[in-house]
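Take a look at the letters that make up each chain.
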Amino acid sequence: MKSVEPAPPAAGPVMSAAHPHVLVVEDEPKTRESVAEGLRLEDWRVTTAVSGDEAVQAIERAPFDLLILDWMLPGMDGLALLRHIRARGNHTPALLLTARGAVDDRVAGLEGGADDYLPKPFAFAELLARCRALLRRPVLSSGAALSCGDLQLDTRTRTAQRAGQSIPLTPREVDILEYLMRYQGQNVTREMLEREVWKQTRRFTALDNVIDVQMMRLRRKLDDGGAEPLIHTVRGIGYRLGPDPA
Ligand code: CA
C-alpha cells in the first residue's frame, strides 16, 4: 500500500517569485516604457528610474528582486550605480543593458557587479528570458546556505551559525533572519516583515511593537559576545542586515 506523503512543512519566507519587483533604470523613454510595460504584462511589479541617482533613492526605499540597468545614464552611469550598491552589500541580481558591444566593456560590466549583460538592440523575449534566469539564481547562496560575513543560515535544516558557533533560534527568528539575509544590504521595512514573515496584510493593530521586540531578541542572539553588529536599525524605515551600518 502506498503511503501518503505528509504535507511539506510550511515554507519560510519566499521571494515574491510570482510577482517579482523589478527596478528598470533607463533615461531613454521609449526603451524604459516598453520594458516596463512588457514586464507589467507578465504581472511583475515594476518601478522605473531615469538616472543613477534616482535609482539609488528607489533602492534605499524598497528592496527589489531584480535590477535592469542601462549602462549609459546621465550622472552616475549604470556601472557606477552597480559599484555603489555592491560596495554597500547589496547583491540584488542585475542585468546591464548597453549599446556597447565590445568584449572589454562586457568584462568591465561583469567585474563591476553585473550578473548578466544584454546588448542593445534586444528582443523583449530575450530580455525576459535573461531576467527569469537571474531570478532563479539564488542570491548569495550555494544550495540551502545563505551567508553574510561570518553568519551562516542553512535554510534546509533551519540552523544558524556565527563564526562557527551555533545560534539557537525560534522558528519565527529563522523566518526573519532568512528574509533579512535574502535582502541583505537593503532596507527592509516593518510592513515587508508583516507581509512576508507574519503573513499579515491587514490588521487593526500594527505589528510594529511585536516586530521590534523580535528584532531586539534576534539581534541580541546574533551579536552576542561582542561580535560585529549585523542588524542595523534604519531610522524611519526599518532594518538592514549587513556588516556595514551605512
Ligand atoms: Ca541610456
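Notes on the structure in this doc start here. Just so it is clear, the structure is predicted and the values come from calculations on it, not from any experiment. (Residues numbered from 1 in each chain as written. Predicted model: local features only at pLDDT ≥ 70, side-chain atom pairs only at ≥ 80, totals over all residues. Heavy atoms only, no water.)

1. Considering the environment of aspartate 70
Next, step 1: Tracing the backbone through its elements, the reader meets aspartate 70 in strand β3 (residues 66–70).
Next, step 2: Separated by 19 residues in the primary sequence, aspartate 70 and serine 51 have C-alpha atoms spaced 9.3 Å apart.
Next, step 3: Ignoring any residue separated from it by four or fewer positions in sequence, one finds aspartate 70 in contact with Val25, Glu26, Asp27, Gly78, Leu96, Leu97, Thr98 and Lys120.
Next, step 4: Only 3.0 Å separates the side chain of aspartate 70 from the side chain of lysine 120, close enough to count as a polar contact. (Helix = DSSP H or I, 4+ residues; strand = E, 2+ residues; numbered from the N terminus. Contact = heavy atoms within 4.5 Å. Polar contact = N/O pair within 3.5 Å; in protein donor to acceptor, adjacent residues only side chain to side chain.)

2. Topic: the sheet that holds β3
Next, step 1: Overall, parallel pairing links the 5 strands, which are arranged β2-β1-β3-β4-β5 in an open sheet. Each having just a single partner strand, β2 (45–49) and β5 (116–119) make up the two edges of the open sheet. Taken over all neighbouring pairs, the strand axes of this sheet differ in orientation by 20° on average, direction set aside.
Next, step 2: Where strand β4 (residues 94–98) and β5 come together, 4 bridges link them in parallel fashion. Residue pairing for β5: leucine 97 is matched across the bridge by leucine 118.
Next, step 3: Its contacts with the sheet place helix α2 (residues 52–61) against β1 (21–25), β2 and β3, and it is angled at close to 165° to β1. (Pairing = 2+ DSSP bridges. Axes fitted to C-alpha atoms, helices over the stretch in contact; angles between N-to-C directions.)

3. Section: the packing of helix α1 (residues 29–41) against helix α5 (residues 124–136)
Next, step 1: Orientation of α1 relative to α5, taken along the N-to-C sense of each, is 60°, at an axis distance of 11 Å. Regarding the angle of α1 to α5, the classification is oblique. Between α1 and α5 lies a crossing of right-handed hand. Here Val35, Gly38 and Leu39 of α1 come into contact with α5, specifically with Phe124, Leu127 and Leu128.
Next, step 2: Its residues assigned to classes, the contact of α1 with α5 shows 5 nonpolar, 1 polar and no charged. (Parallel < 35°, antiparallel > 145°, perpendicular 65-115°, else oblique. Left-handed = near helix turned anticlockwise from the far one by under 90°. Nonpolar A, V, L, I, M, F, W, Y, C, P; charged D, E, K, R; others polar.)

4. Some remarks on the coordination of the calcium ion
Next, step 1: The calcium ion binds to the protein through Glu26 (OE), Asp27 (OD), Asp70 (OD) and Met72 (O), with metal-donor distances spanning 2.1 to 2.6 Å.
Next, step 2: If you list the donors of the calcium ion from N- to C-terminus, the spacing comes out as E-D-x42-D-x1-M.
Next, step 3: On the basis of relative accessible area, glutamate 26 is assigned to the buried category, the value being 2%. (Donors = N, O, S within 2.8 Å, 3.2 Å for Na, K, Ca; no water. Buried < 20%, exposed > 50% of the residue type's maximum accessible area, 1.4 Å probe, protein only.)

5. Regarding helix α3 (residues 78–87)
Residue pairs three or four apart in sequence face the same way in an α-helix, which turns once every 3.6 residues.
Next, step 1: For α3, every residue scored as buried is listed here: Gly78, Leu79, Leu81, Leu82, Ile85 and Arg86. Mapping the buried residues of α3 onto a view down its axis gives an arc of 155°, with all of them on the same face.
Next, step 2: Among the residues of α3, the N-terminal cap falls to aspartate 77, whose side-chain oxygen and the backbone nitrogen of leucine 79 are separated by 3.2 Å.
Next, step 3: Once α3 finishes, glycine 89 follows within two positions and takes phi at roughly 90°, a positive value. (Arc of directions from axis to C-beta.)

6. Description of the sheet that holds strand β12 (residues 231–234)
Next, step 1: Spatial ordering of the open sheet is given by β11-β13-β12, a layout of 3 strands whose pairing is antiparallel. Two strands bound the open sheet, and with one partner strand each, they are β11 (187–189) and β12. With strand direction ignored, the average angle separating the axes of adjacent strands in the sheet is 35°.
Next, step 2: Here 4 bridges tie β12 to strand β13 (residues 238–241), and the two strands are oriented antiparallel to one another. Residue isoleucine 231 lies in a different strand from β13, and its bridge partner there is leucine 241.
Next, step 3: Contacting β11, β12 and β13, helix α6 (residues 171–182) crosses the sheet at an angle of about 70° to β13.

7. Things to note about the pairing of β4
Side-chain direction in a regular strand flips from residue to residue, so the side chains alternate between the two faces of the sheet.
Next, step 1: In terms of burial, β4 is largely enclosed, as 5 of its 5 residues are buried.
Next, step 2: Taking every second residue as pointing to the same face, both faces of β4 are buried, with Ala94, Leu96 and Thr98 on one and Leu95 and Leu97 on the other.
Next, step 3: For the handedness criterion, the β-α-β arrangement of β3, α3 and β4 is classed as right-handed. (Right-handed = clockwise from strand over helix to strand, strands pointing away.)

8. Considerations on the packing of aromatic side chains
Here the distance between the centres and the angle between the planes together describe a pair of aromatic rings.
Next, step 1: Per the stated rule, a full pass over the model turns up 1 aromatic pair.
Next, step 2: On the numbers, 4.9 Å between centres and 55° between planes, the contact of tyrosine 179 with tyrosine 183 is tilted. One exposure class covers both tyrosine 179 and tyrosine 183, and it is buried. (Phe/Tyr/Trp six-rings, centres within 6.5 Å; stacked < 30°, edge-to-face > 60°.)

By themselves, these observations are geometric and do not establish any function.
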